[in-house]
Amino acid sequence: MSTQAKLDWTATDKRAVDLIRVLAMDAVQKVGNGHPGTAMSLAPAAYLLFQRVMRHDPADPNWPGRDRFVLSCGHSSLTLYIQLYLSGYGLTMDDLKALRTWGSITPGHPEHRLTPGVEVTTGPLGQGIGNAVGMAMGARRERGLFDPDAAPGTSPFDHFVYCFMSDGDVEEGISHEVSSLAGHQELGNLIVIYDDNQISIEDNTNIAKSEDVAARYEAYGWHVQKVDWVGPRGGYHEDVDALYQAILSAKEHTEAPSFIALRTIIGWPAPNKQGTGAAHGSALGVPEVRATKEILHFDPDVDFPVEDEALHHAREVATRGKDAHAAWEEAFAAWAKANPEAKALFDRMAERRLPDGWTGALPEFPADAKGIATRKASGTILTALAPKLPELWGGSADLAESNLTTMEGEPSFIPANHQTPMWPGNPYGRTLHFGIREHGMGAILNGIALSGGTRVYGGTFLQFSDYMRPSVRLAAMMELPVTYVWTHDSIGLGEDGPTHQPIEHVWSLRNIPQLDVVRPGDANETVVAWRTILERAKPAALCLTRQNLPILDRSGELEGAAKVAQGGYVLAPGTDVILIATGSEVSIALEARELLAGDGVSARVVSMPCVEWFDEQDESYRREVLPPTIRARVSVEAGITPPWKLFVGDAGASIGVDHFGASAAYQKIYEEFGITAERVAAAARDSLARVRS
């Protein structure tokens, strides 16, 4: 353990900690619901971190040189809110009083962008530790871009990521995925404090958990320490200095992430509800709050006490933060002067601004009836963009050879001792390897996006987007510029069978607000899709094929691919019936158009790669593409059909797959399931008949 000087912990610090407990009780009691117990028992640890350990500036919550704090146990939002109040981030006592109420900046779980000082939206357990791992990875990549040769601890881009996690986080499987990868990546800039209070909603965690959590993290390769405030004889002593020394030791141990198991009693020192599930997720009740205040020497008749001396003492952290910020600015200015090109990159990334002329690197694919898979087109695009966009990086959940997410010639992001003959790399590399950890990958991608200005993507099969869904939802909620490369997007993957063939997934993902779901119809649509995703800098999913798709000849009557950016466009003109298609079914719709032409029917083909982008267009454009006067319509997409009613109306029809798939060659499956040009043409004739009857 570190031999640093003993912590200077005054009576005023202790009073401030007790004030935190009182405010946590009062806030929950006022609203009538919430989680007071963890905020009470973690009060010394949180105060220690914000007052004595972390480098932060309450006047500038977005200062690039700050340490990051992630509250993975987001239900204990007061643990963070009260520190933000005490430290001077702009939160007021009224904000604490408004906990969990309409219009407040203190919602039930912390929300990024809503509350100053909240780094990430946490709530679903396990997500926060995944975000913290991503932040640590992102910080290392950023250092590699800006200042790779600086000695450890000397760069303006060196900082720590701190995370509080609970038994709930430990029990969620995502914590295994991300913690295993963090150990493998030797993320020495990550320090986790595990609140080992052995309590969850169902009271004592022994009912569901009995593993040695510290041993588990040792097995992952973490640097593990234990701090026990309970004591062997059942006494309770909040040895804050022991925790402080453990944190200092963790900061010195840069070869691995650090895990500090802190044994606490939830709800301390509530006389009757400490150490119980009742303290976890509900108000303590007026008698218990009064009794606890008396124990802490607070007036039981005063709610939300101000305690000017303690508040003034805590607010002094703002001065220390200002001084640390100023010192950092000096180091940053010296770095900027010595590294003008890196500084220009830093500025551009900070603004999420793409470089001038970057689109010139995008490939153009010549017309080819045989074509290529859109996953292959995507891989070609990524390789072409690599020299122009150093901020762009990513990888797959063990599916690089299938997702084609590797930029050719780029090193892997990996400690040198873990590189392999197939995947050479270094700690600052570009190709990410998540292993078979889709759920963890999703949370890590969010953390990377939150860390700085890099643009990250992650790939797996579309079917396994289900494993990622909680993280995708949070990315959409935070509007993070994360790109998902989901390949093998339909029954078109063929022989792998129904377990791997996504049917409901595309529309399920379209139902997530603020997520752009893009299913391009050929290689050139894929080019425009990537371009638009990067320009928009929002969460987006690319749904790409395993099978080859014809590269359309757009030199004649077919519209160019540029209009992909508008979500839907008239690919081929027509006046009698509209055929709406996405992805691999666009070429089927074009074949059906030819069949209908033989009957004297003029069919318009609308390519609809992104419903979300199309819905953003003004009404005049949408009516131009889908004229209300043309009521005969058919949608064709190799997935569920009911949602397409929005576009085809009562007179239209939808061709798709409303059941699970089968194992066979994809051509056979398409034929057997009736996703063919002949069936689309027949449905168009039927729709016309309904309109004319």
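Residues numbered from 1 in each chain as written. Predicted model: local features only at pLDDT ≥ 70, side-chain atom pairs only at ≥ 80, totals over all residues. Heavy atoms only, no water.

Details of the layout of surface pockets
Put simply, the rule is: Cavities and pockets are found on a 1 Å grid laid over the protein atoms alone: a cavity is a set of points where a 1.4 Å probe fits but cannot escape, a pocket is an open set with protein on both sides within 12 Å along at least five of seven lines, and a lining residue has an atom within 4 Å of such a point. Grid points are joined across faces, edges and corners, and a volume is the space filled by probe spheres set on the points. Each helix is a run of DSSP H or I of at least 4 residues and each strand a run of E of at least 2, with the numbering of both proceeding from the N terminus. The nonpolar class holds Ala, Val, Leu, Ile, Met, Phe, Trp, Tyr, Cys and Pro. Asp, Glu, Lys and Arg form the charged class, and all remaining residues, Gly among them, are polar.
The volume enclosed by the largest pocket comes to roughly 990 Å³. Forming the boundary of the largest pocket are 39 residues, of which Gly153, Asp158, His159, Phe160 and Asn189 lie nearest the centre. When residues of the lining of the largest pocket are traced back to their parent elements, those giving at least two are α3 (43–53), α6 (127–146) and α13 (317–338). Split by residue class, the lining of the largest pocket holds 18 nonpolar, eleven polar and ten charged. One number sums up the size of the second largest pocket: a volume of about 760 Å³. Of all the elements in the fold, those that place two or more residues in the lining of the second largest pocket are α6, α14 (340–350) and α17 (438–451). Counted by class, the lining of the second largest pocket contains 17 nonpolar, nine polar and seven charged residues.

Digging into the sheet that holds strand β19 (residues 577–581)
Paired through backbone hydrogen bonds, the strands of a sheet run either parallel or antiparallel to each other. As a reminder, the rule being used: At least two bridges found by DSSP between two strands is the condition for calling them paired. With axes taken as lines fitted to C-alpha atoms, and helix axes fitted only over the stretch in contact, angles between N-to-C directions fall between 0 and 180 degrees. Contact between two residues is taken to exist if any of their heavy atoms lie within 4.5 Å; hydrogens are not considered.
Taken in spatial order, the five strands of this open sheet run β18-β20-β19-β21-β22, and their pairing is mixed. Because the sheet does not close on itself, it has two edges, and the strands there are β18 (569–572) and β22 (653–655). When the angles between neighbouring strand axes are averaged without regard to direction, this sheet yields 30 degrees. Where helix α21 (residues 586–598) meets the sheet, its contacts fall on β18, β19, β20 (603–607) and β21 (633–636), and the angle it forms with β19 comes to roughly 160 degrees.

Focus: the packing of aromatic side chains
Under the convention used in this document: Pairing of aromatic side chains here covers Phe, Tyr and the six-membered ring of Trp, requires ring centres within 6.5 Å, and sorts the geometry by plane angle: under 30 degrees stacked, over 60 edge-to-face, intermediate tilted. Accessibility here uses a 1.4 Å probe with only protein chains present; expressed as a share of the type maximum, an area under 20% marks a residue as buried, one over 50% as exposed, and anything in between as partly exposed. Placement of a charge over a ring requires the Lys NZ or Arg CZ to be within 6 Å of the ring centre, with the centre-to-atom vector within 35 degrees of the ring normal.
All told, the structure shown has 31 aromatic pairs when counted by the stated rule. A ring pair is formed by Tyr457 and Trp530, whose centres lie 6.1 Å apart and whose planes are at 80 degrees; its orientation type is edge-to-face. Linking Tyr457 in strand β13 (residues 455–461) with Trp530 in helix α20 (residues 523–536), this pair joins segments that are 73 residues apart in sequence. Take Tyr457 and Trp530: they sit in the same class, and that class is buried. Arranged with centres 6.0 Å apart and planes meeting at 20 degrees, the rings of Phe461 and Phe464 form a pair that is stacked. Classification of Phe461 as buried rests on a relative accessible area of 8%. Every member of this aromatic cluster is reached through a ring pair, and the members are Trp63, Phe146, Phe157, Trp328, Phe332, Trp335 and Phe346. Residue placement shows Arg15 over the ring face of Phe298; its charged tip is 3.6 Å from the ring centre. The side chain of Arg315 reaches across the aromatic face of Tyr85, ending 5.4 Å from its centre.

Notes on the side chain of Asp196
Mapped onto the elements, Asp196 comes out in strand β3 (residues 190–196). Beyond its immediate stretch of four places on either side in the chain, Asp196 contacts Leu262, Arg263 and Thr264.

Describing helix α9 (residues 213–220)
We count it as follows: The reported arc concerns the directions from the helix axis to the C-beta atoms and nothing else. In protein, a polar contact requires one atom able to donate a hydrogen and another able to accept it; more generally it is a pair of N or O atoms within 3.5 Å, and residues adjacent in sequence count only if both atoms are side-chain atoms.
Among all positions of α9, only Val213, Ala214, Arg216, Tyr217 and Tyr220 are buried. Looking down the long axis of α9, one finds its buried residues gathered within 155 degrees of arc, a one-sided arrangement. Against β2 (161–165), α7 (167–171), α8 (173–185), β3, β6 (223–228) and β7 (258–263) lie the buried residues of α9. The backbone nitrogen of Ala214 has a side-chain oxygen 3.2 Å away, supplied by the residue at the start of α9, namely Asp212. Gly221 sits one or two positions beyond α9 and adopts a positive phi of about 95 degrees.

Overview of the pattern of salt bridges
It is possible for side chains bearing opposite charge to pair when their charged atoms get close. Test applied: We define a salt bridge as a side-chain nitrogen of Lys or Arg found within 4 Å of a carboxyl oxygen belonging to Asp or Glu.
Summed over the entire model, instances satisfying the criterion amount to 31 salt bridges. Its salt-bridge partner being Glu495, residue Arg546 comes within 3.9 Å of it at the nearest N-O pair. Here Arg546 is found in the loop between β16 (540–543) and β17 (549–551), whereas its partner Glu495 is found in the loop between β14 (482–487) and α19 (505–510), with 51 residues between them in sequence. Assessed through its relative accessible area of 32%, Arg546 is described here as partly exposed. Salt bridges sharing partners connect three or more residues here, namely Lys14, Asp18, Arg21 and Glu238.

Focus on the packing of helix α4 (residues 77–87) against helix α12 (residues 308–315)
We apply this condition: An angle below 35 degrees is treated as roughly parallel, one above 145 as roughly antiparallel, one from 65 to 115 as roughly perpendicular, and anything else as oblique.
For the pair α4 and α12, interaxial distance at closest approach is 7 Å and the crossing angle is 85 degrees. Here α4 is positioned roughly perpendicular relative to α12, judged by the angle of their axes. From α4, Tyr85, Leu86 and Ser87 reach across to α12, where they touch Leu311, Ala314 and Arg315. Looking at the contact of α4 with α12 residue by residue, the class counts come to four nonpolar, one polar and one charged.

Side note on the sheet that holds β2
The five strands lie next to each other as β1-β2-β3-β7-β6, forming an open sheet whose pairing is parallel. For this open sheet the edge positions go to β1 (68–71) and β6, each flanked by a neighbour on one side alone. Each adjacent strand pair in this sheet contributes to an overall mean axis angle of 15 degrees, direction not counted. Here α3 sits on the sheet in contact with β1, β2 and β7, set at roughly 170 degrees to β2.

Here's the deal with empty space enclosed by the protein
Per the counting criterion, the structure on display carries three cavities of 30 Å³ or more. Approximately 110 Å³ is the volume found for the largest cavity. Residue lining of the largest cavity: 15 residues in total, with His56, Asp67, Tyr89, Gly117 and Glu119 positioned closest to the centre. For the lining of the largest cavity, the secondary structure elements donating two or more residues are β1 and α4. Residue composition of the lining of the largest cavity, by class: seven nonpolar, two polar and six charged. By volume, the second largest cavity amounts to about 70 Å³. Along the walls of the second largest cavity sit 13 residues, with Pro502, Ile503, Val506, Ala638 and Gly639 positioned nearest its centre.

Examining the pairing of β20
Rules: Whether a crossover is right-handed depends on one test, that the path from the first strand over the helix to the second runs clockwise when the strands point away from the viewer.
Taken across its five residues, β20 has five buried, putting it largely inside the fold. Of the two faces of β20, both are covered, the one formed by Ala603, Val605 and Ser607 as well as the one formed by Arg604 and Val606. Alignment of β18 against β20, held across three bridges, turns out to be antiparallel. In the strand pairing of β20, Val570 is matched with Val606. As judged from the five bridges shared by β19 and β20, these two strands associate in the parallel manner. Within the sheet, the bridge partner assigned to Ile580 lies in β20 and is Val606. Taken together, β19, α21 and β20 constitute a β-α-β crossover, and its handedness is right-handed.

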